[in-house]
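Chain and residue survey
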Amino acid sequence: MKELKLIGKRITLRPLKSSDVKDIYLNIQNKKIAENILDMPWPYSIRDAQKFIKKMQKARQKKSDFAFGIESKTRKEVIGCIGLYKINFKHKNGELGYWLGPKYWNQGIMTEAGKLVLDFAFSKLKLHRVWGGAFSNNLASQKVLKNLGFKKEGVFRQAFWHFDCWRDGIHYGLLSKEFLKK
Ligand SMILES: CC(C)(COP(=O)(O)OP(=O)(O)OC[C@H]1O[C@@H](n2cnc3c(N)ncnc32)[C@H](O)[C@@H]1OP(=O)(O)O)[C@@H](O)C(=O)NCCC(=O)NCCS
């Protein structure tokens with residue numbers, strides 16, 4: 001079967017391989033990443049990276065999640081991950097989630113990756129809606145969602161106990177017609 005690749009200007013998105021373990025492990029070594037993502041282990045070990053890759057490979061076969069490694073075209077390494085998670089084909093929706101190695105923050109890379117994944121979600125998977133959530137203090141992630149055209153839909157006050165404090169979750173959504181008309 002042909003490997004699924006989404007090709008951007010500076011990055012290529014492709015399914016994760018077992019050989020990506022080291023790149024993921026090295027790029028994820030910053031507590032700010034775990035602080036902003038629910039259920040992400042911290043400290044993050046090589047074993048965690050191996051488990052994540054295996055889990056995502058199985059999920060792709062079941063079509064419940066599509067995780068992509070974000071490969072830098074110049075560095076030829078995986079510098080982060082983005083994916084559509086918890087896909088529900090009955091309701092045609094799924095969640096957008098992502099993280100990037102801190103060295104690459106604030107260069108528009110996740111906005112570029114998000115556009116590629118949303119195009120895949122709406123044009124290839126034919127989803128109707130993609131949603132995303134961020135903690136209220138995660139302004140960078142909320143900016144990425146806004147850059148991609150997501151609309152703020154609500155606030156879940158103190159919905160998550162994460163890193164020893166209550167966190168508000170800000171919920172965003174994007175409909176296929178809103179993305180495709182852009
Ligand atoms: C969130 C994350 C993926 C963003 O990736 P990125 O490649 O830096 O994102 P982009 O460069 O495309 O966009 C970031 C935007 O946020 C803005 N931003 C960054 N920090 C900010 C802050 N503290 N306050 C306000 N805006 C901020 C940037 O200026 C940029 O805005 P612009 O598009 O107008 O230039 C990255 O910071 C990350 O991995 N964070 C940790 C994990 C995480 O939060 N994952 C998401 C969980 S919901």
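For the structure, see preceding data.
Conventions used here
- Residues numbered from 1 in each chain as written.
- Predicted model: local features only at pLDDT ≥ 70, side-chain atom pairs only at ≥ 80, totals over all residues.
- Heavy atoms only, no water.
- Helix = DSSP H or I, 4+ residues; strand = E, 2+ residues; numbered from the N terminus.
- Rg over C-alpha atoms; globule rule 2.2 N^0.38 Å.
- Contact = heavy atoms within 4.5 Å.
- Near = heavy atom within 4 Å.
- Polar contact = N/O pair within 3.5 Å; in protein donor to acceptor, adjacent residues only side chain to side chain.
- Areas by Shrake-Rupley, 256 points an atom, 1.4 Å probe, with all protein chains shown as cover.
- Nonpolar A, V, L, I, M, F, W, Y, C, P; charged D, E, K, R; others polar.
- Buried < 20%, exposed > 50% of the residue type's maximum accessible area, 1.4 Å probe, protein only.
- Pairing = 2+ DSSP bridges.

Let us now look at the overall build of the protein chain. The helix and strand inventory of the protein chain stands at six helices and eight strands. Helices and strands appear in the protein chain in the N-to-C order β-β-α-α-α-β-β-β-α-β-α-β-β-α. The C-alpha radius of gyration computed for the protein chain amounts to 16 Å, which stays within 12% of the reference 16 Å derived for 182 residues, consistent with globular compactness. Expressed as lengths along the three principal axes of its C-alpha atoms, the size of the protein chain is roughly 40 × 40 × 30 Å. Nonlocal contacts in the protein chain, meaning residues at least 24 apart in sequence, comprise 62% of its contacts between residues at least 6 apart.

Let us look at the site of the ligand. As a matter of local geometry, the ligand sits amid 22 residues, with Asn106, Thr111, Asn138, Lys143 and Asn147 nearest to it. Within the backbone of Asn106, a nitrogen or oxygen atom sits 2.7 Å from an oxygen atom of the ligand. Separating an oxygen atom of the ligand from a backbone N or O atom of Gln107 is a distance of 3.4 Å. Within the complex, the protein chains bury 73% of what would otherwise be the 960 Å² of accessible surface of the ligand. Counting residues per element, the shell around the ligand draws most heavily on helix α5 (residues 139-147), at six residues. For the shell around the ligand, a count of residues per class yields twelve nonpolar, nine polar and one charged.

Turning our eyes to something else, we now look at the pairing of strand β4 (residues 78-88). Across a regular strand the side chains alternate sides, sitting on one face of the sheet and then on the other. Of all eleven residues in β4, nine are buried; the element is thus mostly enclosed. Pairing between strand β3 (residues 66-72) and β4: six bridges, direction antiparallel. Counterpart to Glu71 in the pairing with β4 is Val78. Following β3, the chain reverses through five residues before pairing antiparallel with β4; Lys76 in that reversal takes a positive phi of roughly 55 degrees. Relative to strand β5 (residues 93-100), β4 runs antiparallel, the two being bridged by seven bridges. Across the sheet, residue Tyr85 finds its bridge partner in β5, namely Glu95. Linking two consecutive strands that pair antiparallel, namely β4 and β5, is a turn of four residues; a positive phi of about 55 degrees is found at Lys92 within it.

Geometric descriptors of this kind do not, in isolation, establish any biological role.
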